[in-house]
Every structure is written in C-alpha cells, then in structure tokens.
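Per-entry structural report
Spelled out, the chains give:
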Amino acid sequence: MKYPYEVIGKPNLYENIAKCFNKAADIIKLDPNIRKILAKTTNEIIVNFPVKMDSGSIEVFTGYRVQHNNALGPYKGGIRYHPDVDINAVRALAILMTWKSVITGIPFGGGKGGVQVDPSKYSMGELERITRRFTYALGQNIGPEYDIPAPDVNTNSQIMAWILDTYLSGIQPQERNRNVHVVTGKPVESGGSLGRDKATGQGVVYCIEQWAKDNKFNLNGAAYIVQGYGNVGSWVGKLMKQHGSRLIAVEDVTGAIYSPKGIDADDIAAYVSKTGGVRNYSKADEIDHDKFLSIDADIFVPAALGNQITKENAPDINVKLIAEGANGPTAPEGDEILRQKKIDVIPDILCNSGGVIVSYFEWLQNKRSEFWELEEVDTKLYKKIIDAYHKVKETAEKYKVNWRIGAYIVALSRLEVVYKERGIFP
Ligand code: NAD
C-alpha cells in the first residue's frame, strides 16, 4: 500500500499520525478503498481576515478549519490560537478528533480549527475582534448540526461566548435560541455544561485511576509531573491532589519548576492564573527542560503541545506511566522507546477524550433544553471513558500492539463497518 498521506515540510504531528494510521490499517488489513477515504480530510478551509488593532492599524490574520470525517455525526473539534497553527497541524488534530469520537462512541466526526496568532501579544479587545472576524469569515462552514468548535490551546469559554454571539447574530432572531449548540465549552451562564471546564483533566484522572486499579498501584503519595498547566494540566493537578498524589514538577511555556517535597496544585494554579506561568514561583526550584523530562517520578502527564516525547529524549524519561492530556505529545519513535522501557502510555485519543465527551453532553443539553447536575455529568463521563479504556486495552492485548495502535484499530474497524454498510454515493 502506498503511503496515503501527503506529507508537506518537516516531520510533524501530521506525519506522526499518518504512521500510526498506516500501522493500524496494515494490521487489520483495512479495505484499501476505505483506507483511501479515511486518509484524506473532507474539507480544508483557510481564511485571511483583517482586524482593527487598538492603535488603529490593520492586521491580517490566517485562520483554519479542517473537517476530516463526518460519517458518524457533525464535525467536532477545538479552536487553537498559537503561532505554530498551520494547515498540517490543524489537519492532524482534526483527524485525531475523528478517532476520538469513534473510540468513545459519541455521534460526532472530527474537525479542528485555529488562528495563527500569539494571543499574549494582543489586548482583550483585539482578541475579541480577532475571534469575531474569524467566526464571520468561517460563516456557514460551522453550525450546530454541521461543525461544532470548542476550546483548545489558548482559547477558553470567553472565546466560545464570542463565537456563539457572532454566529447567532447572522441568524434569524426567532431561530437564535435553537442554535446555541454551535459551540461547546461555553460559560455555564451562556448555555455551557457543568463539568465541561474540568472535563479533559477529569477524564485523564479517571484513566489514571483505572490504570492504578489494574496495576494495583497506590496513587496516595505517588509522584507525578505535568507539562502544561493551563486548562487540562491544572485540572489534573487539582484532581490528583484529592488522591494524595505529589506534584513534584511542572513545566510550561515560561519554564520548569521542581520540588521533591511536592508543589501544591491549587497554589501553583492560582500563581499561574495571576502571572501567566510557573516562572519565578518561590516555593520550588527552577530547572531546565532536560532535567524536567528526566525526573524520577511515577506518572508524567503531558498537557501542552504535540511532539514533546521524541526518539532523542524518550531514553531519559523515568516514569511508570504517561497519561497523555495533550494531543499528539509522543512521536512514534518515542513510543517505541517507551515500549522498550516498559513505560505504559495511555494515548491521547483515549486519555484526553473527556473534553469531547462532555462537549457532547453540553450539545445534548442545549438541544433538549436541559441542564444536568454536575454529578450526572461526571457519572456519565466516567462510564463513557472507562468503557473506551477497556475497549482499547482489550484490542491492544488481542493484537499485541501498544495502546495507541489499539485505539486506532478500534476507530478504523468501526468506520470500516460503517462505510461497508452504507456504501459510497452514488
Ligand atoms: P491551555 O492554553 O489552557 O494551556 C496550554 C499550556 O501549555 C499552558 O500552560 C502553556 O504555558 C503550555 N505550553 C505552551 N507551549 C509550551 C511549550 N513549548 N512547552 C511547555 N509548555 C507549553 O490549553 P489546554 O486547553 O490545557 O490544552 C492543552 C493540551 O490538551 C493541548 O494539546 C490540547 O490540544 C489538549 N486538549 C485540550 C482539551 C480541552 O478541552 N481544552 C481537550 C483535549 C485535548
């Protein structure tokens, strides 16, 4: 079989997921025709749009929305604001969303979007105008039954509220209240779900709990490190604290800190909210990136960007478990080294799926004009993610592959059945 993805530029997240896709497809002997379909994205939208800056000058930004597959439901996936956002990155992330929705059994497809921008350089007013102009430029390429964005790196519930408001302003007034499910991850007051804010971190911690149970490992007193202390990383910290686990190192875009006695997860979260990063936190020592990655700990939660664990640094990693909060943090060559070192990996498309699962709950609540209690959200999230956990584990054991390839096999096998049942129009 010919390498089905077109790889542009240097090795990247897109190339990494192509390798996993090919490996899983080879193992299950995926029908070559279905392989061709799933290897491609369906739509790739690139928009250049002007925004007025506070100074009165105009800047033109580039935004993306990639829709990979909607065989099982509307396209679904986050919006990222980051200077590294480009078509390859968004493509890769859109494809991961398709697999994630299938694995967790929610009726969505995969999409992803982003704007190539460093939001730390802009005022709140400028960010609002960037968001509104991006939404306007996307126009009917998003929609509550068609393609539903959510938060990702450097976007949050406020940005979702602006997207919602801009989208609704282009709709007939009598239709507006029936379209609030155009985005998820909204503020609760504007139609968001209880528990969505913590959902991704909560899902990561449910997976870690299950792994601990399976391995008879005591989380109380266990040492763990987190890369990225934004939405996902900080919620992992807060929830692991309830188990009595010890957060001994944190790294983010501003630097890395270390304290073998433990860093209080809530205190560092408050510090990061105030200052924008972990740098200069007085209750821990500053360390460099290499030292951070080689710390002796029980669990490592990458919760920042992709391509962090590579063939170069995987040999130095010294933990029992990697629970991937981030999308695509481990390159395939890194994965292989982790396997040789007998480090367990709960892969991104399973481990961080709590976000899209609770996004689905938010979307359902909006459609049904319901509002669920937090307990109901958490109970349903637990069931869905732990069901997916067992499915991936059993598949990996059956095919004697790592969990990432096991997860891809779950996704590809189901989509193969769907395409065979429905056939291709005309
Ligand atoms: P966020 O913007 O809230 O936080 C990102 C964190 O990463 C920040 O702490 C930032 O300082 C850090 N970071 C950025 N660049 C870094 C670098 N070069 N080195 C170290 N740290 C760096 O974003 P988030 O929503 O927490 O998302 C984090 C990851 O989780 C992303 O990979 C995202 O795709 C994934 N994810 C998020 C959700 C969600 O619901 N938000 C769902 C699934 C997956």
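Definitions and cut-offs
- Residues numbered from 1 in each chain as written.
- Predicted model: local features only at pLDDT ≥ 70, side-chain atom pairs only at ≥ 80, totals over all residues.
- Heavy atoms only, no water.
- Domains from an automatic or database assignment.
- Contact = heavy atoms within 4.5 Å.
- Buried area = accessible area lost by both parts, 1.4 Å probe.
- Salt bridge = Lys/Arg side-chain N within 4 Å of Asp/Glu carboxyl O.
- Nonpolar A, V, L, I, M, F, W, Y, C, P; charged D, E, K, R; others polar.
- Axes fitted to C-alpha atoms, helices over the stretch in contact; angles between N-to-C directions.
- Helix = DSSP H or I, 4+ residues; strand = E, 2+ residues; numbered from the N terminus.
- Parallel < 35°, antiparallel > 145°, perpendicular 65-115°, else oblique.
- Left-handed = near helix turned anticlockwise from the far one by under 90°.
- Near = heavy atom within 4 Å.
- Polar contact = N/O pair within 3.5 Å; in protein donor to acceptor, adjacent residues only side chain to side chain.
- Areas by Shrake-Rupley, 256 points an atom, 1.4 Å probe, with all protein chains shown as cover.
- pLDDT = per-residue confidence, 0-100.
- Buried < 20%, exposed > 50% of the residue type's maximum accessible area, 1.4 Å probe, protein only.
- Pairing = 2+ DSSP bridges.
- Arc of directions from axis to C-beta.

Splitting the chain by domain gives domain 1 (42–174) and domain 2 (199–346). In this assembly, 8 residues from domain 1 lie in contact with 4 residues from domain 2. In total, domain 1 and domain 2 occlude about 390 Å² of area from one another, counting both sides; carbon and sulfur atoms represent 51% of this. Summed over the shared surface of domain 1 and domain 2, the number is 0 salt bridges. Residue composition of the side of domain 1 that touches domain 2, grouped by class: 3 nonpolar, 1 polar and 4 charged.

As a packed pair, helix α1 (residues 13–28) and helix α2 (residues 32–39) sit with axes 12 Å apart at the nearest point and diverge in direction by 165°. Relative to α2, α1 is oriented roughly antiparallel. Pair α1 / α2 crosses with right-handed handedness. Between α1, through Y14, F21, N22, A25 and D26, and α2, the contact on the second element is made entirely by R35, L38 and A39. The residue inventory of the contact of α1 with α2, partitioned by class, reads 5 nonpolar, 1 polar and 2 charged.

A few words on the site of the ligand. As a matter of local geometry, the ligand sits amid 21 residues, with D152, N154, T200, Y229 and A304 nearest to it. Here an oxygen atom of the ligand and a side-chain polar atom of R196 are 3.2 Å apart. Taking A304, its main chain carries an N or O atom lying 2.6 Å from an oxygen atom of the ligand. Burial of the ligand by the surrounding chains reaches 85%, relative to a free accessible area of 830 Å². Listed by contribution, the elements that provide at least two residues to the shell around the ligand are α6 (196–214) and α7 (231–241). Tallied by class, the residues present in the shell around the ligand amount to 9 nonpolar, 8 polar and 4 charged. No fewer than three residues from each of domain 1 (42–174) and domain 2 (199–346) sit in the shell around the ligand.

The predicted model of the chain averages 96 in pLDDT, with 97% of residues at 70 or higher. Below pLDDT 50 for its whole length, residues 1–10 participates in 19 contacts with residues either more than four positions away or in separate chains.

A word on the pairing of strand β7 (residues 246–252). Taken across its 7 residues, β7 has 6 buried, putting it largely inside the fold. Bridge count for strand β6 (residues 223–227) against β7 is 5 bridges, and the pairing is parallel. By the bridge assignment, V226 is partnered in β7 with V250. Relative to strand β8 (residues 255–258), β7 runs antiparallel, the two sharing 4 bridges. Across the sheet, residue E251 finds its bridge partner in β8, namely A256. As consecutive antiparallel partners, β7 and β8 are separated by 2 residues.

The next subject is α2. Of all the residues in α2, the buried ones are I34, R35, L38 and A39. An end-on view of α2 places all buried positions within 135° of arc, on one side of the element.

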